[in-house]
Amino acid sequence: MALAGRVALLLLLLLLLAAGRGPVGLSLAGLWQLSNGNGSVLLRGAVPGCVHTALLSSGLVQDPYYRFNDLAYRWICLDNWTYSRTFETPFDVSKWQKVNLVFEGVDTVAQILVNDVTVGRTDNMFNRYSFDITNVIKKVNFIEVRFLSAISYAAEKSRYHKAYRVPPECPPPVQKGECHVNFIRKEQCSFSWDWGPSFPTQGIWKDVRIEAYNICHLIYFSYVPSYVKSAQQWSLEIESVFDVVSSKPVAGLMTVNIPKLQTQQIYTVKLHPGEDSIVLLININKSASVETWWPNGHGNQTGYYMTTTFIMEAGYKIERLSKVYFRTVELVEEPIPGSPGLSFYFRINGLPIFFKGSNWIPADSFQDRVTSDILRSLLQSTVDAHMNALRVWGGGVYEQDEFYDICDELGIMIWQDFMFACALYPTDQNYLESVRAEVTHQVKRLKSHPSIILWSGNNENEAAIADNWFSIPYAEKNVFVKDYVMLYVKNIREIVLAEDKSRPFIASSPTNGLETIEEGWLSPNPYDTHYGDVHFYDYTRDCWDWRMYPKARFASEYGFQSWPSFSTLEKVSSADDWSYASNLSLHRQHHASGNDEMLQQAGLHFKLPQSTDPLKKFKDTIYLTQVMQAQCIKTETEFYRRSQSEVIDGQGHTMGALYWQLNDIWQAPSWASLEYGGKWKMLHYFAQHFFSLLLPVAYEDGGVLYIYGVSDLHSDCELTLKVSVHQWSSMEPLCTFATEGVPVRAGSAAPIYKEPVNDLLKRCGNCTRQSCVVTFYLVGKGELYSPRNYHFLSSLKDAVGLEKAQLSATISQENDHYIFVLQTTAVAPFVWLDVGHVKGRFNDNGFLMTQKRKVVVFYPWEPTSVKELEKSLCLTSLSDIY
């Protein structure tokens, strides 16, 4: 018999034996008993969950986010809580070689007991724990998870580290946080951040279950694509990690089937006792046409269903259904003509891609409240604003599986930090062993996702040493340099390179990339604009002045604060809190001088609210901070986008703009463009424009007005540039002109218009910088057009002729959305439609209205009505706050 025939016969025989011989399991999710340290508080708590949400569900505490409850409920975090329950084993334990108790996530330090026997301990929120309970489990069982306060544990670990201090000991007082978070492998921002509260939670935050099996059990299953140009062939490297409980090697067959790619392959495999892996390279049928996965705005996110079946001897069958994607990623760091240093950009499927997006933080202090609906809403808002990338920031959590699944589906590229941020960290043996387990687990868990483009070792820790954030004496610096290299290079990087060769790794952000490696992994200046990525913040200089921004290779963090809308704040405040100088307004601001900085920046170009009505003044101030933030980040982002194709004085070739930050963790002033609950700030509406595939961008230099054409399109095009000059005092444009046949190259930015401002004003007549504004847009064949952009010729506080606009709206329903027909009696900058607590978004908002009529569409996220929208609608423009 031929080999193929023997394999097929063996497969048939094994299939006949395979019925009913797979592993069995029992979920322990549900309601558990929960008690505090001295037993004075007893309640039931959901698993997955945490103590805070259990207390809230039981009515024992208010919303932790209400007013000053982050301080009032500190006692919860200082106590030691215990989860417990009984469960009945639904199978005969004696028939299984191994029974494991598996925790996908424990937050954080706990002792695990089953039937009064300690079966394990946990100390890392980001690790997966599997405890052998084969000799402990009975028919009826009692399980306890005894937690130790994360605050107490971190303090104790810090005290034991006597050789030298590991800064920072505590967060700045303005953050109202807890100390020594760098000594515990837990969500770093849970001890407070400059945009978030201190809620060091305790709980079983992910799934927990019993698994029983014989022979072997599949622990991890992952796959990464690769493409060999010379052979013009796609491949998949499939890794399967097993726990083999058989006392001798186990043989079997592995079948991989991808029907739509006409690919089916069968392999003989052998597993050895203990933990063992099978790594196979699956070549995709060359006659099949493989559609690649593309980032949002660049193509489809095509995936293919793959069935993988293991038929092992003794009739043991394991089957996995997966969705696989094909894409390549390269981080390109190479010399640039006319510039010192190296490039820093990403090629996806061979195409250079400009990263447009933001930075992701945890969506809630209590992870069990982050539902799939919340994730989908936030991520859908990301692509609705024409973003193609998010950076999962290193002070939060490795996100849940569904987050990455949705990013795969929507085409959102993920820059994935490891969870280390703004601190130095210990490197004792126990700590490193915990980190190594964490990193190994997370890379195995996540590497199959095409959305993950880059692994990054930490957030700003290279910069912390280079700039000596923690005032370390020079004589002691080398200790921390060695610790840094030990943690991020010799441990984290080593594991990543071993586990995943399909995507790049950088040690930190910001970093100088390859230059940092040349400099021994710690650059004297990680913010060098000639290399790598930069983070940039400056709240005191004029944000409308593009000269203040770094012409960097890649801007991975930058931002300005604003306040969330009144409807968002109202839910967690009382009437006493509704002023900019209230105790709550000061309490919620965790960035030193943040409230003053917002007003100072706004005051450079706008008159500050002067209403004698305290509530109106507060609402007007909120509105103005959002105007300021949106206009600042618009200016900065447009600067980065127009810098992508040019090098000036050795700087430029910018290929990424990720502003800080996308989302909020609670209701407070922050850098976010999406409020807690998902409501769009003005910045997010602006992002919808400044991240468009096609965009005209204007700026002034030496009294000359320049307009650049910026394109993310895949083909060159000839367009018409239309420019209008409007007087603030008139609804009719003073002059309009068109430039036809404007060439705009694919994936580039280049100047398409240049004229001295004085000449432009003379050409239009009866116009000054203070009395006029310039608008412009690009239009091509078919439906090819850009958003309408604008350029202010002076500060709006100096605008001449700007009248108080009378705004009105009529609302009607059309299918599942609502039509708002706006009317204005005068030119109105920053027109803002707010429907209060009604959830949804508009197709445009915060716009400059130069025509008497504009149609805006509202997309509700929950059922509403014309009547409710009419009752809730508030219309504001800039002149309304003066």
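All of these numbers come straight from a predicted model, not from anything done at the bench. Just so you know, the residues in each chain are numbered from 1, in the order the chain's sequence is written. Confidence filtering applies because this is a predicted model: local features only for residues at pLDDT of at least 70, side-chain atom pairs given and counted only at 80 or more, and all residues used for totals across whole chains, interfaces and linings. Excluding hydrogens and water, the side-chain figures rest on all heavy atoms present in the structure.

1. As for the overall build of the chain
Thought 1: Numbering of helices and strands runs from the N terminus, with a helix taken as a DSSP run of H or I at least four residues long and a strand as a DSSP run of E at least two residues long. Each helix and strand in the chain was counted, giving 18 helices and 46 strands.
Thought 2: Computed over its C-alpha atoms, the radius of gyration of the chain comes to 29 Å, within 12% of the 29 Å expected for a compact globule of 882 residues.
Thought 3: Taking the principal axes of the C-alpha coordinates as reference, the chain spans close to 95 × 70 × 65 Å.
Thought 4: Expressed as a percentage of the 882 residues in the chain, the buried residues total 62%.
Thought 5: Here, residues are in contact when the closest pair of their heavy atoms is within 4.5 Å. The contacts in the chain between residues at least 6 apart in sequence include a share of 71% that link residues at least 24 apart.
Thought 6: Exposure was quantified through the Shrake-Rupley algorithm and a 1.4 Å probe, taking into account, for residues, occlusion by the shown protein chains and nothing else. In the structure as shown, the chain presents an accessible area of about 33500 Å², 51% of it carried by carbon and sulfur atoms.
Thought 7: Looking at the chain, you have 78 positive and 93 negative side-chain charges, and the mean spots of the two groups are 3 Å apart. What the globule rule says is 2.2 Å times the number of residues to the power 0.38, and the radius of gyration is computed from C-alpha atoms. Think of it in three bands: with a 1.4 Å probe and only protein chains considered, a residue is buried below 20% of the maximum accessible area for its type, exposed above 50%, and partly exposed in between. Charged-residue counts in this description rest on Lys and Arg as positive and Asp and Glu as negative, His and the chain ends being excluded. The location of each charge is read from NZ of Lys, CZ of Arg, CG of Asp or CD of Glu.

2. Examining the pairing of strand 32 (residues 656–659)
Thought 1: Neither face of strand 32 is open: one carries Gly656 and Leu658, the other Ala657 and Tyr659, and all of them are buried.
Thought 2: Being paired, for any two strands, means DSSP has found at least two bridges between them. Relative to strand 32, strand 23 (residues 355–360) runs parallel, the two being bridged by 4 bridges. Each bridged residue has a counterpart across the sheet, and for Phe355 the counterpart in strand 32 is Gly656.

3. Considering the state of the cysteines
Thought 1: Cysteine sulfur atoms that pair up within 2.5 Å are treated as a disulfide. Under the definition given, this model contains 4 disulfides.
Thought 2: Two residues, Cys543 and Cys632, share a disulfide whose sulfurs are 2.0 Å apart. Measuring handedness by torsion sign, the sulfur bridge of Cys543 and Cys632 sits at about -75° and is left-handed. Remark: Cys632 occurs in helix 15 (residues 614–642) and Cys543 occurs in the loop between strand 28 (534–536) and strand 29 (555–558); sequence separation between them is 89 residues. Summarising the burial analysis for this pair, Cys543 and Cys632 share the class buried.
Thought 3: Sequence-ordered numbering of the bonded cysteines in the chain gives a disulfide pattern of 1-2, 3-4, 5-6, 7-8.

4. Notes on the packing of aromatic side chains
Thought 1: Classification of ring pairs uses Phe, Tyr and Trp, with its six-membered ring standing for Trp, and accepts pairs whose centres are within 6.5 Å; under 30 degrees between planes counts as stacked, over 60 as edge-to-face, and the remaining range as tilted. Applying the stated criterion across every chain, the model contains 65 aromatic pairs.
Thought 2: With a centroid separation of 6.1 Å and 35° between ring planes, the pair formed by Trp728 and Phe792 is classed as tilted. Of this pair, Trp728 sits in the loop between strand 35 (717–727) and strand 36 (733–744) while Phe792 sits in strand 39 (residues 789–792), and the two are 64 residues apart along the sequence.
Thought 3: With relative accessibility at 9%, the residue Phe792 sits in the buried group.
Thought 4: One aromatic cluster in this structure is built from Phe536, Trp546, Tyr549, Tyr558, Phe639, Tyr640, Tyr699, Tyr706 and Tyr708.
Thought 5: Lysine and arginine charges are scored as sitting over a ring when NZ or CZ, respectively, is within 6 Å of the ring centre and within 35 degrees of the ring normal. A cation over an aromatic ring shows up here: Arg642 above the ring of Tyr708, its NZ or CZ 6.0 Å from the ring centre.

5. Side note on the pattern of salt bridges
A side chain with one charge can pair with a side chain of the opposite charge if their charged atoms come near.
Thought 1: In what follows, salt bridge is the name for a side-chain nitrogen of Lys or Arg lying within 4 Å of a carboxyl oxygen of Asp or Glu. Tallied over the entire structure, the rule returns 36 salt bridges.
Thought 2: Across the pair Arg209 and Asp207 runs a salt bridge whose closest N-O atoms are separated by 3.0 Å.
Thought 3: Of the charged contacts in the structure, one is a salt bridge between Asp844 and Lys854, with a shortest N-O distance of 3.4 Å. Taken together, the residues span a long stretch of sequence, with Asp844 in the loop between strand 43 (840–842) and strand 44 (847–849) and Lys854 in strand 45 (residues 853–860) at a distance of 10 residues.
Thought 4: Three or more residues joined by partner-sharing salt bridges are found here, namely Glu104, Arg128, Asp207, Arg209 and Glu211.

6. Description of helix 15
Thought 1: Here a helix's expected span is defined as the number of its residues, less one, multiplied by 1.5 Å. In a regular helix each residue adds 1.5 Å, so 29 residues correspond to 42 Å; helix 15 covers 42 Å between its end C-alpha atoms and thus fits that length.
Thought 2: Most of helix 15 sits inside the fold, with 24 of its 29 residues counted as buried.
Thought 3: As used in this structure description, the phrase polar contact means that two N or O atoms lie within 3.5 Å; if the pair is within protein, one of them must be able to donate a hydrogen and the other to accept it, and residues adjacent in sequence are counted only when both atoms belong to side chains. The residue sitting at the N-terminus of helix 15 and contributing the capping side-chain oxygen is Asp613; that oxygen lies 3.0 Å from the backbone nitrogen of Leu615.

7. Observations regarding empty space enclosed by the protein
Thought 1: Every definition here rests on a 1 Å grid over the protein atoms only: cavities are sets of points where a 1.4 Å probe fits but cannot get out, pockets are open sets enclosed by protein on both sides within 12 Å along at least five of seven lines, and lining residues have some atom within 4 Å of a point. Grid points are joined across faces, edges and corners, and a volume is the space filled by probe spheres set on the points. Inspection of every chain in the model, using the stated rule, returns 8 cavities of 30 Å³ or more.
Thought 2: Of the volumes computed, that of the largest cavity is approximately 130 Å³.
Thought 3: Lining the largest cavity are 13 residues; nearest its centre among them are Lys571, Lys679, Gly836, His837 and Lys839.
Thought 4: When its residues are assigned to classes, the lining of the largest cavity shows 3 nonpolar, 7 polar and 3 charged.
Thought 5: Taken as a whole, the second largest cavity holds about 90 Å³ of empty space.
Thought 6: As for the second largest cavity, its lining consists of 14 residues, and the residues nearest its centre are Lys679, Tyr685, Leu833, Gly840 and Phe842.
Thought 7: Contributions of two or more residues to the lining of the second largest cavity are made by strand 42 (828–834) and strand 43.
Thought 8: Residue polarity follows a fixed list, in which Ala, Val, Leu, Ile, Met, Phe, Trp, Tyr, Cys and Pro are nonpolar, Asp, Glu, Lys and Arg are charged, and the others, Gly among them, are polar. Here the residues of the lining of the second largest cavity sort into 8 nonpolar, 3 polar and 3 charged.

8. Let's talk about the sheet that holds strand 20 (residues 329–332)
Thought 1: Taken in spatial order, the 3 strands of this open sheet run 20-21-22, and their pairing is antiparallel. Each edge of the open sheet carries a strand with a single partner, namely strand 20 and strand 22 (351–353). Taking the axes of each pair of neighbouring strands and ignoring which way they run, one obtains an average angle of 35° across the sheet.
Thought 2: The sheet contact formed by strand 21 (residues 345–348) and strand 22 spans 3 bridges and is antiparallel. What sits directly across from Phe346, in strand 22, is Ile353. Geometry is summarised by axes, namely lines fitted to C-alpha atoms with helices restricted to the contacting stretch, and by angles between N-to-C directions that run from 0 to 180 degrees.

9. Details of the sheet that holds strand 16 (residues 263–271)
Hydrogen bonding along the main chain pairs the strands of a sheet, whether they run parallel or antiparallel.
Thought 1: In spatial order, the strands read 16-15-18-19; together these 4 strands make up an open sheet with antiparallel pairing. Either end of the sheet is taken by a strand with one partner, and the two such strands are strand 16 and strand 19 (316–324). Averaged over all pairs of adjacent strands, the angle between their axes in this sheet comes to 15°, without regard to strand direction.
Thought 2: For strand 15 (residues 250–258) and strand 18 (residues 304–312), the ladder comprises 6 bridges, and the chain directions are antiparallel. Paired with Met254 across the bridge in strand 18 is Phe310.

10. Focus: helix 14 (residues 594–603)
Thought 1: The set of residues buried in helix 14 consists of Gly594, Asn595, Glu597, Met598, Gln601 and Ala602. Viewed along the axis of helix 14, the buried residues span an arc of 165°, placing them on a single side of the element.
Thought 2: In this fold, the buried residues of helix 14 make contact with helix 13 (583–588) and helix 15. Picture the helix axis, draw a direction to every C-beta atom, and the arc is the one those directions span.

11. Notes on the confidence of the model for the chain
Thought 1: One confidence number per residue, pLDDT, is output by the predictor and ranges from 0 to 100. With 98% of its residues at a pLDDT of 70 or more, the chain shows a mean pLDDT of 96.
Thought 2: For the stretch residues 1–20, pLDDT sits under 50, and the model shows 19 contacts to residues farther than four places along the chain or on other chains.

12. Considerations on the packing of helix 14 against helix 15
Thought 1: Interaxial distance between helix 14 and helix 15 falls to 9 Å at its minimum, and their mutual angle equals 70°. Between helix 14 and helix 15, the crossing angle belongs to the class labelled roughly perpendicular. Our pair here, helix 14 against helix 15, has a crossing hand that is left-handed. Where helix 14 approaches helix 15, its residues Met598, Leu599, Gln601 and Ala602 are matched on the opposing element by Thr621, Leu624, Thr625, Met628 and Cys632. Put simply, angles under 35 degrees are roughly parallel, angles over 145 are roughly antiparallel, angles from 65 to 115 are roughly perpendicular, and the rest are oblique. Here is the rule for handedness: rotate from the far helix to the near one, and if that takes an anticlockwise turn smaller than a right angle the crossing is left-handed, while a clockwise turn gives right-handed.

13. What to know about the environment of Tyr267
Thought 1: Checked against the element boundaries, Tyr267 lands in strand 16.
Thought 2: A C-alpha to C-alpha distance of 9.6 Å links Tyr267 and Phe310, two positions 43 residues apart in sequence.
Thought 3: Sequence-distant contacts of Tyr267, that is, excluding residues within four places in its chain, are made with Gly252, Leu253, Met254, Leu280, Leu281 and Ile282.

14. Quick look at the packing of helix 15 against helix 16 (residues 682–690)
Thought 1: One way to put it is that helix 15 packs onto helix 16 with a least axis distance of 8 Å and a crossing angle of 25°. As judged from the angle between their axes, helix 15 and helix 16 are roughly parallel. The handedness of the crossing between helix 15 and helix 16 is right-handed. Of the residues in helix 16, those touching helix 15 at Tyr623, Gln626, Val627, Gln629, Ala630, Gln631, Ile633, Lys634, Thr637, Glu638 and Arg641 are Met682, Leu683, Phe686 and Phe690.

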